[in-house]
Number of protein chains: 2
Amino acid sequence: MDEDPSTGRFAYAGLDRLIHERARLSVLTSLVAHAKGLGFGDLKHLCGLTDGNLSRHLQVLQEAGLVEIAKGYDRNRPHTLCRISAEGRRRYLDYLAVLEQVVRDAAAAARQDLVEAPRRGLAPA
Amino acid sequence: MDEDPSTGRFAYAGLDRLIHERARLSVLTSLVAHAKGLGFGDLKHLCGLTDGNLSRHLQVLQEAGLVEIAKGYDRNRPHTLCRISAEGRRRYLDYLAVLEQVVRDAAAAARQDLVEAPRRGLAPA
């Protein structure tokens, strides 16, 4: 095959849409950073989400097998513990590798752009 | 104010939804990397998008003022040149700063997770 090597150079097919959505990226990053799990309230607080929004995204992530949710009691009060699953951790790390590539490409492009901007007659920032 | 400093720690409110959407992130990264602009065909090729998908996302970006589209002729054939606008470049760089923070948080969390995993009794990868 002699396919042009630039085909899809900026396609980022590995940016898993399930993880890339902003609220779910917040939830998963919080859960990866708290491997023992987080209560619903703490997670809501860290992600700046409403109850309804967090519930909806947790359901999507649970149905996809990325997050495990255990409902129980803490000092006689209902308590929901959310944890990232082994599959969730694996997919998050795969996603992260692509995100790092985007940041590298973008940072390189932005630097190049700063070099070229004066030649295009734009005022420096 | 004595607001808990962890409020919204992982919210990433600066992840501009207009730019974060995967196809539009591809388009804008391609255009930042090619400051002189790209023809429709080259852009489609770099982003791995169909004609319809690219047209739709370009329209969204143009209406938001992030991209400029010039229709003209190149050797008597219709040619569409797409360029990122000054406003688009500014918003892309703001977005990139937040994306870099996500990657730093995520990489730190993933490292922490690797340290803690054996203590949770999980088999090492």
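Residues numbered from 1 in each chain as written. Chains lettered and ligands numbered in written order. Predicted model: local features only at pLDDT ≥ 70, side-chain atom pairs only at ≥ 80, totals over all residues.

## Some thoughts on the overall build of chain A
Within chain A, the regular secondary structure consists of 5 helices and 3 strands. Order of helices (α) and strands (β) in chain A, N terminus to C terminus: α-α-β-α-α-β-β-α. The buried share of chain A, reckoned over its 125 residues, is 32%. (Helix = DSSP H or I, 4+ residues; strand = E, 2+ residues; numbered from the N terminus. Buried ≥ 20, exposed ≤ 12 C-beta atoms within 10 Å, placed from the backbone.)

## Some thoughts on helix α2 (residues 22-33) of chain A
With 12 residues, α2 of chain A extends 17 Å between its outermost C-alpha atoms, agreeing within 8% with the 16 Å of an ideal straight helix rising 1.5 Å per residue. All of the buried residues along α2 of chain A are R22, A23, R24, L25, S26, V27, L28, T29, S30, L31 and V32 of chain A. (Expected span 1.5 Å × (residues − 1).)

## Brief notes about the interface of chain A and chain B
Contacts between the two partners involve 39 residues from chain A and, on the opposite side, 40 residues from chain B. Counting residues per element, the ones that place at least two in the side of chain A that touches chain B are α1 (17-20), α2, α3 (40-47) and α5 (86-116) of chain A. In terms of residue class, the side of chain A that touches chain B is built from 20 nonpolar, 10 polar and 9 charged. (Contact = placed C-beta atoms within 7 Å. Nonpolar A, V, L, I, M, F, W, Y, C, P; charged D, E, K, R; others polar.)

## Let's talk about the pairing of strand β3 (residues 77-84) of chain A
All names here are of chain A. Here strand β1 (residues 38-39) runs beside β3; their pairing, made up of 2 bridges, is antiparallel. Considered in β3, the bridge of G39 is made with L81. When strand β2 (residues 67-74) meets β3, the two strands line up antiparallel, connected through 8 bridges. By the bridge assignment for β3, E68 is matched with R83. (Pairing = 2+ DSSP bridges.)

## Side note on the environment of L58 of chain A
Residue and element names in this part refer to chain A. Structurally, L58 can be placed in helix α4 (residues 51-63). The class of L58 is buried, set by 23 C-beta atoms lying within 10 Å. In this structure L58 touches V27, V67, I69 and C82, once residues within four positions along its chain are discounted.

## With respect to the sheet that holds β1 of chain A
Each strand in a sheet pairs with another by means of backbone hydrogen bonds, the pair being arranged parallel or else antiparallel. Residue and element names in this part refer to chain A. What the 3 strands build is an open sheet, ordered β1-β3-β2; its pairing is antiparallel. On the outer flanks of this sheet lie β1 and β2, each paired with one strand and no other. Packing of α2 onto the sheet brings it into contact with β1, β2 and β3, and relative to β3 it is tilted by some 90°. Against the sheet, α4 engages β2 and β3, with an angle of about 120° to β2. (Axes fitted to C-alpha atoms, helices over the stretch in contact; angles between N-to-C directions.)

## Details of the relation of the copies chain A and chain B
Screw-axis analysis of chain A against chain B gives a translation of 0.0 Å along the axis, an RMSD of 0.0 Å, and a rotation angle of 180°. Classification of the inter-copy transformation places it as that of a two-fold axis. A shared interface surface links the copies, since 100% of the contact residues of chain A are contact residues in chain B too. (Least-squares fit on C-alpha atoms with pLDDT ≥ 70 in both.)

## Quick notes on the environment of A23 of chain A
Residues and elements named next belong to chain A. Assignment of secondary structure puts A23 in helix α2. Note on A23: 20 C-beta atoms within 10 Å, which makes it buried. The spatial distance from the C-alpha of A23 to the C-alpha of G48 is 8.9 Å, given a sequence separation of 25 residues. Apart from the residues lying within four places of it in its own chain, the contact partners of A23 are C47, L49, N53 and H57.

## A few points about the sheet that holds strand β1 (residues 38-39) of chain B
Residues and elements named next belong to chain B. Taken in spatial order, the 3 strands line up as β1-β3-β2 in an open sheet, and their pairing is antiparallel. Lying at the two open borders of the sheet, with one neighbouring strand each, are β1 and β2 (67-74). Contacts between helix α2 (residues 22-33) and the sheet are confined to β1, β2 and β3 (77-84), with β3 contributing the most and set at about 90° to the helix.

## Description of unusual backbone geometry
Residue and element names in this part refer to chain B. Residues other than glycine seldom take positive phi values, yet R75 does so here, at roughly 50°. Counting through the fold element by element, R75 comes out in the loop between β2 and β3. The backbone phi angle of N76 is positive, close to 70°, even though this residue is not glycine.

## A closer look at the confidence of the model for chain A
Residues and elements named next belong to chain A. Per-residue confidence for chain A gives a mean pLDDT of 88, with 86% of residues at or over 70. Counting interchain partners and residues more than four positions distant, the pLDDT-below-50 stretch residues 121-125 has 2 contacts. With a pTM of 0.85, the predicted complex shows an ipTM of 0.82. (pLDDT = per-residue confidence, 0-100.)

## Comments concerning the packing of α2 of chain A against α4 of chain A
All names here are of chain A. Closest axis-to-axis distance for the α2/α4 pair is 10 Å, and the angle between their directions is 75°. In this view, α2 runs roughly perpendicular relative to α4, as classed from their interaxial angle. Across from A23, R24 and V27 in α2, the residues of α4 making contact are N53, H57, L58, V60 and L61. Taken together, the residues of the contact of α2 with α4 sort by class into 5 nonpolar, 2 polar and 1 charged. (Parallel < 35°, antiparallel > 145°, perpendicular 65-115°, else oblique.)

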